[in-house]
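The chain contents come next:
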Amino acid sequence: MFRIAFFVTQLLVLILIISHIFSNPFVVSFDIENLKYTFSSNFFIGLIILFIFLIIFVFYIFFRSRISFSKFLLKNKYKKIEKGYNYFVDGMIALANKDNKTAITAHRKMNNFLKDDPSLSLLLQSEVYKIEKKYSELKNIYERMLKSKKTETLGYRGLMEQNLNNQDYHHAFIYGEKLFYLNPKIEKIYETLVYIVAKTRNWNQLISITDKAYTYNLITKDKSNENKSIALFEIAKVKLNSDLKETIKIITKALDLNKNFPPFIKLQLEAISKTKNISNLKKLIKNYWYKNPNSLLRYVLLDIIIENNLDNLDFIKQLVKNNFNDEESKKLFIFFAIRNKEWKLARDNIIGIVGSNPSKEICNFMAEIELGEKGDKQKSDAWILRSQNASVENLWVCKITNHSQLDWDSVSISGHFNSLVWTKPKMLNLLDN
């Protein structure tokens, strides 16, 4: 409002000045050589005003023409870009239809209209080379993509995939890691890097990218802890024969992230047994069994107990006293009762868990008891025969391929990272190692 009032005021003042000048004319005269020119001040001022208006008109015509010309050039430019995009679309459609000839033609025509933006040209050309299987030329295209911010992501992804196909996991990880830090939101980039790490078994890299993935909210806290604990387990396993103190420290950290996971417990107990600290070993065995008696932990503890000569029944009774009514505790006790040839104890404790449809393990227990206590080979053989048709025990089964294996590993024998689950295998694929 103030600006309008100020402008109106200026305009009124200007009009008053001009009116005053025209109302009070005076004579203007000047000499040029011998000639004297005389005219009214009104004429002189009128010429000045006319000149000003003429300049304004010329500038108006000039700028209008310039704007019109710029619009013409811009419109022509957009038409060329539109044609270029149309040829790009034609090329991509041709590629989808595996019409390489049309794709190449479209690519050449597209370049005539999109000279200032090579990104689409590189993209279309890379797709052509993929179909034509010209891998060396394709690699060159990907490397050219790295030179531009617009196509940098495509370049790293292409080089990563190309090296993966060639099973060059080292270079695949280099390009994949750069891609991950450049754009961590790319679909399945974290999972791809985990797959590559599993192939190269570079577990420190797994910890690093997992921390980043959690920071970027790509994975949950539980998944982060699980993957990092596996990496720590593998690192501890490597150090088992060289640095027991460091092994125990690392595997304990892994157990903090993935509590009571039996394969981790097994490595921890193996490391402690190598230190000959039997009292600490016994304490940990009892502690783990008190917390969570289960079939998997039982299989782990059987080997540790036997290898460290802790298989006397006094220790086993102490081990199971807090949860003796649990079926897994009974099986643990029965196993060592049989091992110590305490046949009556074994029979007394197995009666309650035989049932009408005993498992393979129970059948084998009964076969040993019948043969050991009474020497009855006929009954023992009958139990062995029955075990062949009994339900199988849990094994480690790859959830991707359904292949089974006896021992847990971070990478299954099928080559998949963290794919093993403790469950009953399919009968047609009982064991693969």
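Residues numbered from 1 in each chain as written. Predicted model: local features only at pLDDT ≥ 70, side-chain atom pairs only at ≥ 80, totals over all residues. Heavy atoms only, no water.

Q: Sorry if this is basic, but what is going on with the layout of surface pockets here?
A: Summary: where empty space remains is shown by rolling a probe the size of a single water molecule over the atoms. In this structure, the largest pocket spans a volume of roughly 670 Å³. Around the largest pocket, the lining is made up of 27 residues, and of these Lys-266, Tyr-299, Asp-303, Leu-406 and Asp-407 lie nearest the centre. Breaking the lining of the largest pocket down by element, the ones donating at least two residues are helix 10 (221-239), helix 12 (262-274), helix 14 (295-307), helix 18 (360-374) and strand 3 (395-398). Of the residues in the lining of the largest pocket, the class split is 16 nonpolar, two polar and nine charged. (1 Å grid on protein atoms, 1.4 Å probe; cavity = no way out; pocket = protein on both sides within 12 Å on 5 of 7 lines; lining within 4 Å. Points joined across faces, edges and corners; volume = space filled by probe spheres on them. Helix = DSSP H or I, 4+ residues; strand = E, 2+ residues; numbered from the N terminus. Nonpolar A, V, L, I, M, F, W, Y, C, P; charged D, E, K, R; others polar.)

Q: Help me out: how do you make sense of the packing of aromatic side chains in this one?
A: The geometry of two aromatic rings is summed up by the distance between their centres and the angle between their planes. Scanning the entire structure with this criterion turns up 15 aromatic pairs. Between Phe-180 and Tyr-216, the ring centres sit 6.0 Å apart and the planes meet at 65 degrees, which makes this aromatic pair edge-to-face. Linking Phe-180 in helix 7 (residues 169-182) with Tyr-216 in the loop between helix 9 (203-215) and helix 10, this pair joins segments that are 36 residues apart in sequence. Residue classification places Tyr-216 among the partly exposed residues on the basis of a relative accessible area of 25%. With 5.2 Å between their ring centres and 90 degrees between their planes, Phe-261 and Trp-408 make a pair best called edge-to-face. With Phe-261 in the loop between helix 11 (244-257) and helix 12 and Trp-408 in the loop between strand 4 (404-405) and strand 5 (420-423), this pair connects stretches of sequence that are 147 residues apart. Each member of the pair Phe-261 and Trp-408 is classed as buried. Grouped by ring-pair contacts, the aromatic residues Phe-233, Phe-261, Phe-264, Tyr-299, Trp-396, Trp-408 and Trp-422 constitute a single cluster. Lying across the ring of Tyr-299, Arg-298 places its NZ or CZ 4.9 Å from the centre. (Phe/Tyr/Trp six-rings, centres within 6.5 Å; stacked < 30°, edge-to-face > 60°. Buried < 20%, exposed > 50% of the residue type's maximum accessible area, 1.4 Å probe, protein only. Lys NZ or Arg CZ within 6 Å of the ring centre and 35° of its normal.)

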